[in-house]
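# Fold and geometry: a report
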Amino acid sequence: MSRRVAGVLRAGEAMLHQALPGPCAFCLGTSAPGASWCGPCYRALAWNRYGCRVCGEPLRRAPALCRHCRDVAPAFSRAQVPLVYEGAVRQLVQDFKFQASPRAGMLLAELFVSALGPAEAQALLPVPLHPARARQRGFNQSRWLADELGAQLGLPVLEATRRVDTPSQRALSRSERFANLADAFTVASPLSGRIALVDDVMTTGATLNALAHAARRAGACEVVVYAVARTSLAAT
């Protein structure tokens, strides 16, 4: 399907969605006009109300910087991460990431845009998979999410390359994760302006920090992060 045809279909779906609100995606009650959810379910989601004003790490109060950003500033200037990775948000992300559910992906994109406000980025750069990992998984959730956000926000989607197939980060400490990803990414095309890196979930920020370094080396004037959810304070 061409991008033009896909865009026409997406616009048609949006018009139908506005005209014929369906059931809430969370409770199956009546959704709010033009939304995929009802008001009570939307308010009950795990919103990242007190995120660090640079990396978005959930904190107990705001405005504040987390201890990590106080010690070493990341390569990106700020992260917009509206949700916390728990409850219904966690289930949506898992359905999207591991089951390749387009419905879950659309909901995550809509939730992100609903909390974003005016888009300040001039282009989107999703976190790439290494070719070997991409062949194994067959689906890059960050690219899918960036394409959807790009369509909703009217922003171009750029490409980076993951040249190092790093091992799993799950068993590594925070410092080991950052060291593990040093120079893992490259951006072949020259960049300019403000670039937003796109990922579904942000944990320590090591992956996005490494990609931000690559974007800056390619010429980006400023790098910000667009991620749907952040792991909780206890998990990081």
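Scroll up to find the structure this text is about.
As a starting point, this report considers the structure included with it. All figures in this text were calculated on a predicted structure; none of them were measured in a lab.

### Quick notes on the pattern of salt bridges
- Taken as a whole and judged by the stated rule, the model has seven salt bridges.
- Two residues, Glu222 and Arg194, come together in a salt bridge whose shortest N-O distance is 2.9 Å. Of this pair, Glu222 sits in strand S7 (residues 222–230) while Arg194 is found in strand S6 (residues 194–202), placing the two residues 28 residues apart along the sequence.
- Each of the salt bridges in this network shares a partner with another, and the network as a whole consists of Arg78, Glu120, Arg194 and Glu222.

### Things to note about the state of the cysteines
- Taken as a whole, this structure holds zero disulfides when the rule is applied.
- Not part of a disulfide, Cys27 finds its nearest cysteine sulfur in Cys41, a span of 3.7 Å.
- By relative accessible area, Cys27 is classed as partly exposed at 42%.
- For the unlinked cysteine Cys55, the closest cysteine sulfur is that of Cys66, found at 3.6 Å.

### Notes on the packing of aromatic side chains
- In the structure shown here, the tally under the stated rule is five aromatic pairs.
- Taken together, a centroid distance of 5.3 Å and an interplanar angle of 20 degrees make the contact between Trp37 and Tyr42 stacked.
- Taken together, Trp37, Tyr42 and Trp47 form an aromatic cluster joined through their ring pairs.

### Some remarks on the nonpolar core
- Core analysis: the largest hydrophobic core is formed by 34 residues, its most contacted members being Leu83, Leu124, Leu145, Leu149, Val198 and Tyr226.
- Ranked by the residues each element gives to this core, the list is headed by helix H5 (residues 102–116), at seven residues.
- Within the second largest apolar cluster, 33 residues are counted, among which are Cys66, Ala123, Phe185 and Ala210.

### Things to note about the pairing of S7
- Within S7, nine of the nine residues are buried, which leaves the element mostly enclosed by the surrounding structure.
- For strand S1 (residues 78–80) and S7, the ladder comprises three bridges, and the chain directions are parallel. Residue Ala79 lies in a different strand from S7, and its bridge partner there is Val225.
- Strand direction decides the pairing type here: strand S2 (residues 83–84) and S7, joined by two bridges, are parallel. Within the sheet, the bridge partner assigned to Val84 lies in S7 and is Arg230.
- Of the strand pairs in this sheet, S6 and S7 are connected by eight bridges, and their pairing is parallel. By the bridge assignment for S7, Met202 is matched with Arg230.

### Re the side chain of Ser36
- Checked against the element boundaries, Ser36 lands in the loop between helix H1 (3–19) and helix H2 (39–44).
- Take Ser36: its relative accessible area is 1%, and that puts it in the buried class.
- Within the structure, Ser36 has its side chain in polar contact with the side chain of Glu110 (distance 2.7 Å).

### A closer look at the pairing of S6
- By the criterion of burial, S6 is predominantly enclosed, with eight of the nine residues buried.
- One ladder, built from four bridges, connects strand S3 (residues 123–126) with S6; its direction is parallel. Each residue of the ladder has a partner; that of Leu124, found in S6, is Ala196.
- As for the winding sense of the linkage, the β-α-β connection from S6 through helix H9 (residues 206–217) to S7 is right-handed.

### Observations concerning helix H7 (residues 141–153)
- With 13 residues, H7 ought to run about 18 Å at 1.5 Å a step, and its terminal C-alpha atoms sit 18 Å apart, in line with that.
- When H7 is considered as a whole, its buried residues turn out to be Gln141, Ser142, Arg143, Leu145, Ala146, Glu148, Leu149 and Gly150.
- A side-chain oxygen of the first residue of H7 lies 3.0 Å from the backbone nitrogen of Ser142; this N-cap is Asn140.
- Just downstream of H7 lies Gly154, where phi reads positive at about 70 degrees.

### Structural notes on the packing of helix H4 (residues 87–99) against H5
- It is the contact of H4 with H5, at a shortest axis distance of 8 Å, that shows an interaxial angle of 130 degrees. The angle between H4 and H5 falls in the class oblique. Where H4 crosses over H5, the handedness of that crossing is left-handed. Taking contact as the criterion, the partners of Leu92, Val93, Asp95 and Phe96 in H4 are, on H5, Ala104, Gly105, Leu107, Leu108 and Leu111.
- Split by residue class, the contact of H4 with H5 holds seven nonpolar, one polar and one charged.

About the cut-offs
- Residues numbered from 1 in each chain as written.
- Predicted model: local features only at pLDDT ≥ 70, side-chain atom pairs only at ≥ 80, totals over all residues.
- Heavy atoms only, no water.
- Salt bridge = Lys/Arg side-chain N within 4 Å of Asp/Glu carboxyl O.
- Helix = DSSP H or I, 4+ residues; strand = E, 2+ residues; numbered from the N terminus.
- Disulfide = S-S within 2.5 Å.
- Buried < 20%, exposed > 50% of the residue type's maximum accessible area, 1.4 Å probe, protein only.
- Phe/Tyr/Trp six-rings, centres within 6.5 Å; stacked < 30°, edge-to-face > 60°.
- Core = buried A, V, L, I, M, F, W, Y, C linked by side-chain atoms within 4.5 Å.
- Pairing = 2+ DSSP bridges.
- Polar contact = N/O pair within 3.5 Å; in protein donor to acceptor, adjacent residues only side chain to side chain.
- Right-handed = clockwise from strand over helix to strand, strands pointing away.
- Expected span 1.5 Å × (residues − 1).
- Axes fitted to C-alpha atoms, helices over the stretch in contact; angles between N-to-C directions.
- Parallel < 35°, antiparallel > 145°, perpendicular 65-115°, else oblique.
- Left-handed = near helix turned anticlockwise from the far one by under 90°.
- Contact = heavy atoms within 4.5 Å.
- Nonpolar A, V, L, I, M, F, W, Y, C, P; charged D, E, K, R; others polar.

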